[in-house]
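# Summary of the model geometry
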Amino acid sequence: MEVTVNRKAHFNSAHRLYRKDWSFEKNDAIFGKCNNPNFHGHNYELIVSVTGEIDKETGFVVDMKVLKELIKIEIEDRLDHKNLNLEVPEFKDLNPTAENIAVVIYNKIKPKLNASLALEITLFETPRNFVRYSGK
């Protein structure tokens with residue numbers, strides 16, 4: 001019997017969407033206001049979903065205390081109140097779009113979970129704009 005458990009988290013980060021190899025004009029045409037050289041911020045909402053079999057001994061798919069701490073250490077402590085472009089090594093050469101942020105989050109959490117568990121990341125950049133990534 002497979003069950004999906006979800007943990008919500010929150011972090012605030014600034015970023016600028018642009019490509020270093022493009023002119024300002026091209027970046028502006030593609031990314032618009034998100035290309036602001038002075039950056040802009042978002043109040044990101046994160047949902048980490050873990051799917052797997054219920055452990056017969058504990059009744060858990062994953063211990064939520066463990067998942068909470070994993071999200072805190074791997075995501076919140078690394079991304080909260082940070083400028084993604086300047087302070088987060090994963091975005092040194094990677095445009096910090098919501099899509100790329102979701103993949104980075106997935107790649108931070110997945111190796112820390114039991115290999116039998118499936119992971120899906122849902123990242124809300126705004127209340128109406130969000131992405132999902134499940135490693136596929």
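Structure: see above.
Residues numbered from 1 in each chain as written. Predicted model: local features only at pLDDT ≥ 70, side-chain atom pairs only at ≥ 80, totals over all residues. Heavy atoms only, no water.

## Quick word on unusual backbone geometry
- For Phe-39, which is not glycine, the phi torsion reads 75° and is therefore positive.
- At His-81, a position not held by glycine, the phi torsion is positive, near 55°.
- Structurally, the position occupied by His-81 is in the loop between helix 2 (64-79) and strand 3 (82-83). (Helix = DSSP H or I, 4+ residues; strand = E, 2+ residues; numbered from the N terminus.)

## Regarding the pairing of strand 1 (residues 2-15)
- Strand direction decides the pairing type here: strand 1 and strand 2 (residues 40-53), joined by 14 bridges, are antiparallel. Its bridge partner lying in strand 2, Asn-12 is registered against Asn-43.
- Taken together, the two bridges between strand 1 and strand 3 define a ladder with parallel strand orientation. Bridge assignment links Ala-14 to a residue of strand 3, and that residue is Asn-83. (Pairing = 2+ DSSP bridges.)

## Description of the packing of helix 2 against helix 4 (residues 98-109)
- One can describe the packing of helix 2 onto helix 4 by two numbers: an axis separation of 10 Å at closest approach and a directional angle of 140°. When the axis of helix 2 is compared with that of helix 4, the two are oblique. Regarding helix 2 and helix 4, the two cross each other, and that crossing is right-handed. Only Ile-105, Lys-108 and Ile-109 of helix 4 make contact with helix 2, whose side of the interface consists of Leu-70, Ile-71, Glu-74, Ile-75, Arg-78 and Leu-79.
- Classifying every residue of the contact of helix 2 with helix 4 by side-chain character gives six nonpolar, no polar and three charged. (Axes fitted to C-alpha atoms, helices over the stretch in contact; angles between N-to-C directions. Parallel < 35°, antiparallel > 145°, perpendicular 65-115°, else oblique. Left-handed = near helix turned anticlockwise from the far one by under 90°. Contact = heavy atoms within 4.5 Å. Nonpolar A, V, L, I, M, F, W, Y, C, P; charged D, E, K, R; others polar.)

## Brief notes about the sheet that holds strand 3
- Taking strand neighbours across the sheet as the criterion, the five strands line up as 3-1-2-4-5 in an open arrangement whose pairing is mixed. Each edge of the open sheet carries a strand with a single partner, namely strand 3 and strand 5 (130-133).
- Where strand 4 (residues 118-124) and strand 5 come together, four bridges link them in antiparallel fashion. Across the sheet, residue Phe-124 finds its bridge partner in strand 5, namely Phe-130.
- Contacts from helix 2 reach strand 1, strand 2 and strand 3, with the element oriented near 20° to strand 1.
- Those strands touched by helix 4 are strand 1, strand 2, strand 4 and strand 5, and its axis lies near 145° from that of strand 4.

## A short note on the side chain of Lys-108
- Within the fold, Lys-108 resides in helix 4.
- A polar contact of 2.7 Å, which involves the side chain of Lys-108, links it to the side chain of Glu-90.
- Look past the residues within four positions of Lys-108 in its chain and what remains in contact with it is Glu-74, Ile-75, Arg-78 and Glu-90. (Polar contact = N/O pair within 3.5 Å; in protein donor to acceptor, adjacent residues only side chain to side chain.)

## Here's the deal with the pattern of salt bridges
- This structure, assessed with the given rule, holds nine salt bridges.
- Taking the shortest distance from any N to any O, the salt bridge between Arg-19 and Asp-21 comes out at 2.7 Å.
- According to the relative accessible area criterion, Arg-19 is partly exposed, its value standing at 37%.
- Overall, Asp-21 belongs to the exposed group, its relative accessible area being 56%.
- Here Lys-108 and Glu-90 are joined by a salt bridge, their closest N and O atoms 2.7 Å apart. In this pair, Lys-108 sits in helix 4 while Glu-90 sits in the loop between helix 3 (84-87) and helix 4, placing the two residues 18 residues apart along the sequence.
- Its relative accessible area of 28% is what places Glu-90 among the partly exposed residues.
- A network of salt bridges, in which partner residues are shared, links Lys-20, Lys-92 and Asp-93. (Salt bridge = Lys/Arg side-chain N within 4 Å of Asp/Glu carboxyl O. Buried < 20%, exposed > 50% of the residue type's maximum accessible area, 1.4 Å probe, protein only.)

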